[in-house]
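Analysis of the macromolecular model
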Amino acid sequence: MTTCITGTGLYIPPYSISNEELVESFNQYVENYNTEHAEEIAAETMTALEPSSAAFIEKVSGIKSRYVMEKEGILNTEIMAPVIPYRNLGEELSVMAEMGAAALRDALADAGLEANDLDGIILACSNFQRTYPAVAIEIQNEIGMIGGFAYDMNVACSAATFGLSQAHGSIISGLAKRIAVVNVEITSAHLNWRNRDSHFIFGDVATASIVEELDTPKGYEILNSKLFTQFSTNIKNEYGFMDRSEYLAAQTEMYPDIKAPVTDKLFLQNGRKVFREVCPKVSEIITEHLQENDIPTSDVKMMWLHQANANMLDLILRTVVGKDADKSIAPSVIAEFANTSSASPMIVFHRHKDDLVSGDLGVICSFGAGYSIGSVLVRKV
């Protein structure tokens, strides 16, 4: 018996924002801010904000556009956040479950399966719109899957590979025969759209993968996984249910050093430090993983990498394969989708899984906050 990825699915949100649209809105916000605080800026008690440009964004990231679930609020300089109405839990399907169910139905169709063929669903993401009940269970109910199990898990941008590893391990242990790994990211809601260094990074999307135990393999056989974590605060998002308590504490003399949670609780990243520290470690993990399986790097036909930044992708490829590596080995979708956190390597896998032939080896790799890095070795059947 072998464990294989037999189907994948992709849900693309209804709206797209180009760099040009984003910069027009951001620069208007900057102009309004600097005008409002002109006296303080002149007195050097406040620092003027700097405008951005579409060319700057593409140069530092490779991003040209991103998909989002709501567009007008993001581009409105008075709001600069997605405006998504609350849905009454139990009476209406949550936005996150709606996206995940759509991607999962797509993956089931790709694998030639029905909802009740599944034994489990793992929703592996960076952000969840609630703590419980698990959004995975809501997706389980929405697709009509009777019985089995579903749960949420969070390993930030590495959640997809950690989820695939969990699915593979659960099947090997006998817990299940078929598990869906779903990655839903509404990153537009966790992003500070007023931060020049990061307002352009993310986009919304949902992906799904079907992992099966088969006596006659098909799709991509999962050989094994390698997982790594190391604590770092260079990428963080501290927004959570404790915010109310911390806000109340900040209003008292008892805890004068605690700031009220506003944008400092949203996504924050020390980009330069992340680049310097994460890229070498990702290359090291992939190289070690290949060596542990006696696979020369020349045998790797494709690396489906987390789409964090085009420059990171290029550096990891050259470090693992060689400075003259063919860039087609690490295909990219970042220009269209931007960084979609946990879902990003699975978008690339979904788009390019048919590019290989039987017997070809590939690596699905993700990396992100934690730090966390996951590498999954697969072989095209």
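Keep in mind that this is a model prediction, so the values were computed, not measured. (Residues numbered from 1 in each chain as written. Predicted model: local features only at pLDDT ≥ 70, side-chain atom pairs only at ≥ 80, totals over all residues. Heavy atoms only, no water.)

With 12 residues, helix α10 (residues 310-321) should cover 16 Å at 1.5 Å per step; its first-to-last C-alpha distance of 16 Å lies within 8% of that length. By the burial criterion, the buried members of α10 are Met312, Leu313, Ile316, Leu317 and Val320. The arc that holds every buried residue of α10, seen down its axis, measures 130°, which confines them to one face. The secondary structure elements touched by the buried residues of α10 are α9 (271-292), β11 (300-305) and β12 (361-368). Sitting at the amino-terminal end of α10 is asparagine 309, which places a side-chain oxygen 2.7 Å from the backbone nitrogen of asparagine 311. Positive phi shows up at glycine 322, right after α10, with a value of about 135°. (Helix = DSSP H or I, 4+ residues; strand = E, 2+ residues; numbered from the N terminus. Expected span 1.5 Å × (residues − 1). Buried < 20%, exposed > 50% of the residue type's maximum accessible area, 1.4 Å probe, protein only. Arc of directions from axis to C-beta. Contact = heavy atoms within 4.5 Å. Polar contact = N/O pair within 3.5 Å; in protein donor to acceptor, adjacent residues only side chain to side chain.)

On to the nonpolar core. Core analysis: the largest hydrophobic core is formed by 51 residues, its most contacted members being Ile286, Met303 and Phe367. Of all the secondary structure elements, the ones that give two or more residues to this core are α1 (19-36), α9, β11, α10, β12 and β13 (372-380). Ranked by residue count, the leading element in this core is α9, at seven residues. Setting aside residues up to four positions removed in sequence, phenylalanine 367 forms contacts with Cys157, Ser158, Val278, Val282, His306, Ala308, Met312, Ile316, Ser372 and Ile373. Core analysis: the second largest hydrophobic core is formed by 33 residues, Tyr67, Val155, Tyr220 and Met346 among them. (Core = buried A, V, L, I, M, F, W, Y, C linked by side-chain atoms within 4.5 Å.)

This part takes up the side chain of threonine 77. Here threonine 77 lies in the loop between α4 (72-75) and α5 (95-111). Each residue touching threonine 77, except ones within four places of it in the same chain, is listed here: Ser25, Gln28, Tyr29, Asn32 and Arg194.

Residues given the UniProt feature "domain: Beta-ketoacyl-[acyl-carrier-protein] synthase III N-terminal" (unreviewed entry) here are residues 151-229. Between the C-alpha atoms that bound residues 151-229 the distance is 21 Å, and the span itself is 18% helix and 41% strand. (UniProt positions renumbered as here; feature names shortened; annotations may be inferred.)

Between tyrosine 132 and the following residue, proline 133, the backbone shows a cis peptide bond with an omega angle of 0°. Inspection of the secondary structure assignment puts proline 133 in the loop between β4 (120-125) and α6 (135-142). Omega for the bond connecting glycine 370 with tyrosine 371 falls within 30 degrees of zero, at -10°, which places this linkage in the cis form. Residue position: tyrosine 371 is located in the loop between β12 and β13.

A few words on helix α3 (residues 54-61). Along α3, the residues classified as buried are Ala54, Ile57 and Ser61. Viewed end-on, α3 has its buried residues packed into an arc of 65°, placing them on one side of the element. Opposite the packed face of α3, turned more than 90 degrees from it, sit the exposed residues Ala55 and Lys59. Buried residues along α3 sit in contact with α1, β3 (65-68), α10 and α11 (334-337). A positive backbone phi angle near 85° is found at glycine 62, which sits one or two residues after α3.

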